[in-house]
Amino acid sequence: MAVLVNKNSKVIVQGFTGTEGTFHASQMIEYGTNVVGGVTPGKGGNTHLERPVFNTVKDAVEQAGADTSIIFVPPAFAADAIMEAADAGIKVIICITEGIPVQDMVKAREYIKGRECRLIGPNCPGVITAGEAKVGIMPGFVFKPGRIGIVSKSGTLTYEAADQSVKAGLGISTAIGIGGDPIIGTTTKEAVEMLMNDPETDGIIMIGEIGGNMEAEAAMWLKENMRKPVVGFIAGQTAPPGRRMGHAGAIVGGADDTAAAKMKIMGECGIHVVASPADIGKTMAEVLKKEAVA
């Protein structure tokens, strides 16, 4: 069943009737995701995409049994949407919204502590368990079922790694786009740990980028707990110190934040580090083959 989402997940869309919510909900339904409805305050009682619309997440939980939510709400209201989902008892909250104010995310992350829920994002492509459920904005056709898990800060590189894995004959179990903001709900280490403990995942691709210490933290954990091969890549190898590159969290603040420093730590901890994203799938296939022979 892989991790976080599967064919039994009951998914709602917060911001259901908006342009983004409508487009991506349609794509999710087409992929086969069990979308049981959506939330747009003031439009409860209507239907949209042949699914019920609810005024609140609480209504969606009580009436449709929702346990997973994906958020397409404007930045000013997105933190409230996260807290509403957590308060209503949603177990997996996936926030796609980009540009949420940092102080709002500080409040939201603090609010969900101690509650039985897992936040993925914000500013992420979502989560997909190949062939079962797509709760996100990734191109579903790229993700074919298999046994490689992906943890990534980068949306585009998630798709690239998936495509390479499929072309190498491996396929994907679950891909988790954790997001590139400075404050996110699930860290690289936490996502890697979920896949390391997943019996349907044989290898893990870990894609990071400059800024922060999440990759180093994950690498140190893997040094003691690696039971499956991990292939790693760090984006932003040519980024100058002090300049933000793409994601709000991708800024080199010190010597340990650089791509070179992260790649060194990862290599020392037993991760198979590749210098180019073009080598991700090929390297994973080679590593798995060597392990099978050994």
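Residues numbered from 1 in each chain as written. Predicted model: local features only at pLDDT ≥ 70, side-chain atom pairs only at ≥ 80, totals over all residues. Heavy atoms only, no water.

Peer 1: Would you take a moment to explain the overall build of the protein chain for this structure?
Peer 2: For the protein chain, the count of helices and strands is 9 helices and 14 strands. Judged by the C-alpha coordinates and their principal axes, the protein chain covers about 55 × 40 × 30 Å. The proportion of buried residues among the 294 residues of the protein chain is 54%. Taking the intrachain contacts of the protein chain between residues at least 6 apart in sequence as the baseline, contacts between residues at least 24 apart amount to 73%. (Helix = DSSP H or I, 4+ residues; strand = E, 2+ residues; numbered from the N terminus. Buried < 20%, exposed > 50% of the residue type's maximum accessible area, 1.4 Å probe, protein only. Contact = heavy atoms within 4.5 Å.)

Peer 1: Quick question: what am I supposed to make of the sheet that holds strand 7 (residues 118-120) here?
Peer 2: The pairing of strands in a sheet happens through backbone hydrogen bonds and is either parallel or antiparallel. Here 7 strands make up an open sheet; going across it, the order is 3-4-2-1-5-6-7 and the pairing mixed. Of all the strands in the sheet, just strand 3 (47-48) and strand 7 have a single pairing partner and so form its edges. Pairing geometry for strand 2 (residues 35-39) and strand 4 (residues 51-54), over 2 bridges, is parallel. Residue pairing in the sheet places Gly38 in a bridge with Val53 of strand 4. Helix 3 (residues 75-88) rests against strand 1 (11-14), strand 5 (68-71), strand 6 (92-95) and strand 7 of the sheet, and its axis sits at about 170° to strand 6. (Pairing = 2+ DSSP bridges. Axes fitted to C-alpha atoms, helices over the stretch in contact; angles between N-to-C directions.)

Peer 1: Hey, could you run me through the sheet that holds strand 8 (residues 126-129) in this one?
Peer 2: Reading across from one edge, 9-8-11-10-12-13-14 is the order of the 7 strands in this open sheet, with mixed pairing throughout. With partners counted over all chains shown, the strands left at the sheet margins are strand 9 (133-136) and strand 14 (272-273), one partner each. Both strand 10 (residues 145-152) and strand 12 (residues 203-209) contribute to a ladder of 5 bridges, which runs parallel. Within the sheet, the bridge partner assigned to Ile150 lies in strand 12 and is Ile205. The strands that helix 6 (residues 188-196) touches are strand 10, strand 11 (172-177), strand 12 and strand 13 (230-235); relative to strand 10, the one it contacts most, it runs at about 165°. In the packing of helix 9 (residues 280-293) onto the sheet, contacts are made with strand 10, strand 12, strand 13 and strand 14, and the angle to strand 12 comes to roughly 145°.

Peer 1: When you look at the pairing of strand 13 in this model, what are you seeing that I'm missing?
Peer 2: In summary, the side chains of a regular strand alternate between the two faces of the sheet. Among the 6 residues in strand 13, 6 count as buried, and that is most of the element. Side-chain alternation along strand 13 places Val230, Gly232 and Ile234 on one buried face and Val231, Phe233 and Ala235 on a second face that is also buried. Taken together, the 6 bridges between strand 12 and strand 13 define a ladder with parallel strand orientation. By the bridge assignment for strand 13, Glu209 is matched with Ala235. Between strand 12 and its parallel partner strand 13, the chain crosses via helix 7 (residues 214-225), and the hand of that crossover is right-handed. Bridge analysis of strand 13 against strand 14 gives 2 bridges, and the strand direction is parallel. Within the sheet, the bridge partner assigned to Gly232 lies in strand 14 and is Val273. (Right-handed = clockwise from strand over helix to strand, strands pointing away.)

Scope: geometric values only; no functional claims are made or implied.
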